[in-house]
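# Architecture at a glance
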Amino acid sequence: MTIPPPLGLLAELTHRCPLHCPYCSNPIELVTRANEMTTEQWISVLTQARDLGVLQVHMSGGEPLARHDLPALVAHASDLGCYVNLVTSGLGLTEERLTDLAGRGLAHVQLSVQGADAAMANRIAGVRAHHHKLAAAAVVKRLDLPLTVNVVLHRANHHQVGALIELAEQMGADRLELANTQYYGWGLRNRDALMPTADQLAAAEPVVRAATERLRDKMLIVYVVSDYYSEYPKPCMYGWGSRQLTVAPNGDVLPCPAASAIATLKLDNVLSTALSDIWYRSESFNAYRGTDWMPEPCRGCARKEVDFGGCRCQAFLLTGDAAATDPVCTKSPARGIVDRILAETTPSEFVMRVSR
Ligand code: SF4
Ligand code: FES
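Residues numbered from 1 in each chain as written. Chains lettered and ligands numbered in written order. Predicted model: local features only at pLDDT ≥ 70, side-chain atom pairs only at ≥ 80, totals over all residues. Heavy atoms only, no water.

## A few points about empty space enclosed by the protein
- Applying the stated criterion across every chain yields a total of one cavity of 30 Å³ or more.
- Here the largest cavity is characterised by a volume of approximately 70 Å³.
- Classifying every residue of the lining of the largest cavity by side-chain character gives six nonpolar, two polar and four charged. (1 Å grid on protein atoms, 1.4 Å probe; cavity = no way out; pocket = protein on both sides within 12 Å on 5 of 7 lines; lining within 4 Å. Points joined across faces, edges and corners; volume = space filled by probe spheres on them. Nonpolar A, V, L, I, M, F, W, Y, C, P; charged D, E, K, R; others polar.)

## Quick look at the UniProt feature "binding site: [4Fe-4S] cluster" (unreviewed entry) in the chain
- Taken from the UniProt record, the annotation "binding site: [4Fe-4S] cluster" (unreviewed entry) applies to Cys-17, Cys-21 and Cys-24.
- With respect to the secondary-structure elements, Cys-21 resides in the loop between β1 (8–12) and α1 (39–52).
- Take Cys-21: its relative accessible area is 10%, and that puts it in the buried class.
- In this structure Cys-21 touches Gln-114, Ile-124, Ala-125, Trp-186 and Arg-353, once residues within four positions along its chain are discounted.
- By secondary structure assignment, the location of Cys-24 is in the loop between β1 and α1.
- Excluding its chain neighbours within four sequence positions, the residues that come into contact with Cys-24 are Tyr-184, Gly-185, Trp-186, Gly-187 and Arg-353. (UniProt positions renumbered as here; feature names shortened; annotations may be inferred. Helix = DSSP H or I, 4+ residues; strand = E, 2+ residues; numbered from the N terminus. Buried < 20%, exposed > 50% of the residue type's maximum accessible area, 1.4 Å probe, protein only. Contact = heavy atoms within 4.5 Å.)

## Focus: the environment of Met-352
- Within the element layout of this structure, Met-352 appears in the segment after α13 (335–344).
- Here Met-352 falls in the partly exposed class, since its relative accessible area comes to 25%.
- In contact with Met-352, other than residues within four places in its own chain, are His-20, Pro-22, Arg-123, Ile-124, Ala-125, Gly-126 and Trp-186.

## Considerations on the side chain of Ser-60
- Its location among the elements puts Ser-60 in strand β2 (residues 56–60).
- Not counting residues within four places of it along the chain, the set of residues in contact with Ser-60 comprises Leu-10, Ala-11, Glu-12, Leu-13, Thr-14 and Val-87.

## Thoughts on the site of ligand 1
- In the vicinity of ligand 1, the contacting residues are Tyr-232, Pro-233, Pro-297, Cys-298, Cys-301, Arg-303, Lys-304, Asp-307, Gly-309, Thr-325, Cys-329 and Lys-331.
- Judged by the fraction of its atoms near the pocket grid, ligand 1 is located in the largest cavity.
- Taken together, the residues that form the shell around ligand 1 break down as six nonpolar, two polar and four charged. (Near = heavy atom within 4 Å. Sits in = over half its atoms within 2 Å of the grid points.)

## Brief notes about the packing of helix α6 (residues 161–171) against helix α9 (residues 198–214)
- Packing of α6 against α9 brings their axes to within 9 Å, and their N-to-C directions diverge by 25 degrees. Judged by the angle between their axes, α6 and α9 are roughly parallel. Contacts between α6 and α9 involve Val-161, Gly-162, Ile-165 and Glu-169 from the first element and Ala-204, Val-207, Val-208, Ala-211 and Arg-214 from the second.
- Classifying every residue of the contact of α6 with α9 by side-chain character gives six nonpolar, one polar and two charged. (Axes fitted to C-alpha atoms, helices over the stretch in contact; angles between N-to-C directions. Parallel < 35°, antiparallel > 145°, perpendicular 65-115°, else oblique.)

## Comments concerning the sheet that holds strand β5 (residues 147–153)
- With mixed pairing, the ten strands of this open sheet are ordered in space as β7-β6-β5-β4-β3-β2-β1-β8-β9-β10. Every interior strand has two partners, whereas the edge strands, β7 (220–224) and β10 (268–269), have only one.
- Note that β2 and strand β3 (residues 83–88) share four bridges and pair parallel. Within β3, the residue paired with Met-59 across the bridge is Leu-86.
- Where α1 meets the sheet, its contacts fall on β1, β2 and β8 (244–247), and the angle it forms with β1 comes to roughly 170 degrees. (Pairing = 2+ DSSP bridges.)

Right under this line is the structure:
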């Protein structure tokens, strides 16, 4: 099969983060500051990514503003001709810093929001963060940069979906992502506490539909329902190793941001192997590329190039086999696992994210 070049790079500059969100999808064991790549190493990663064909760079984390070399990295990616997006909690995003980043070529800001009001948002973030986010959004708009607001939905904030849409409107967002929690990393620990109810999903659906229609010319709303309740899995990563690669703070290169969850996957590191070798030739990127690896029922299924058999990380976490059909699929022999989880979920308090 012909392997297309990657379009996007998710550059996880650091795992350090001022928030403690219980839904965090970063691994339980975070990369420590001492093990983060240096500025020169990240510069090399960006150059290699552009040489490979990458056009969009998402500077993420953790909180990328925690890296003092962020301006140099933004400038380098932008000078290479990449569209540079900052994925941030907004904490530390002052007018001075954003003016500097915009002057170096930053093209877009993606701001996380945890709730529709300060009480909810600060409870989920584990710190008083909400007022900083409102201020950060205002700065983004003053500097006339495009703004995406990201909200992770779960049982505690799902009823706020209408108010969250209003908040994003007030913030002047061009795009709003309302995505239900994906259960990886720390978030998997809190699945019982975070899983929305079927009633919550049913109540949210008409609210989102009406707002999507009302705001059609003003703000794009992307709504991702909890896939445990779906008939078919999501087309995770548009297929494994097909469009984007993730580089972790220590240089590990992942076919998807959550791939470190797959204990059986041998990851390569950009400090010892060239990025193009990893993209085209590594065991990890080739493991689930295309459709040849698929078992039944995916192999003979008409949807195999629609959802690519679903999410490999979820398949591994729920069945122990990353090559299994995603158990979310109603055709999967393991769908009973998902149904049991839904039936047995008992509301509980979530455990806030801690570093260790
Ligand atoms: Fe997708 Fe596989 Fe289910 Fe078909 S059987 S819908 S390809 S996950
Ligand atoms: Fe890893 Fe879906 S999150 S393949």
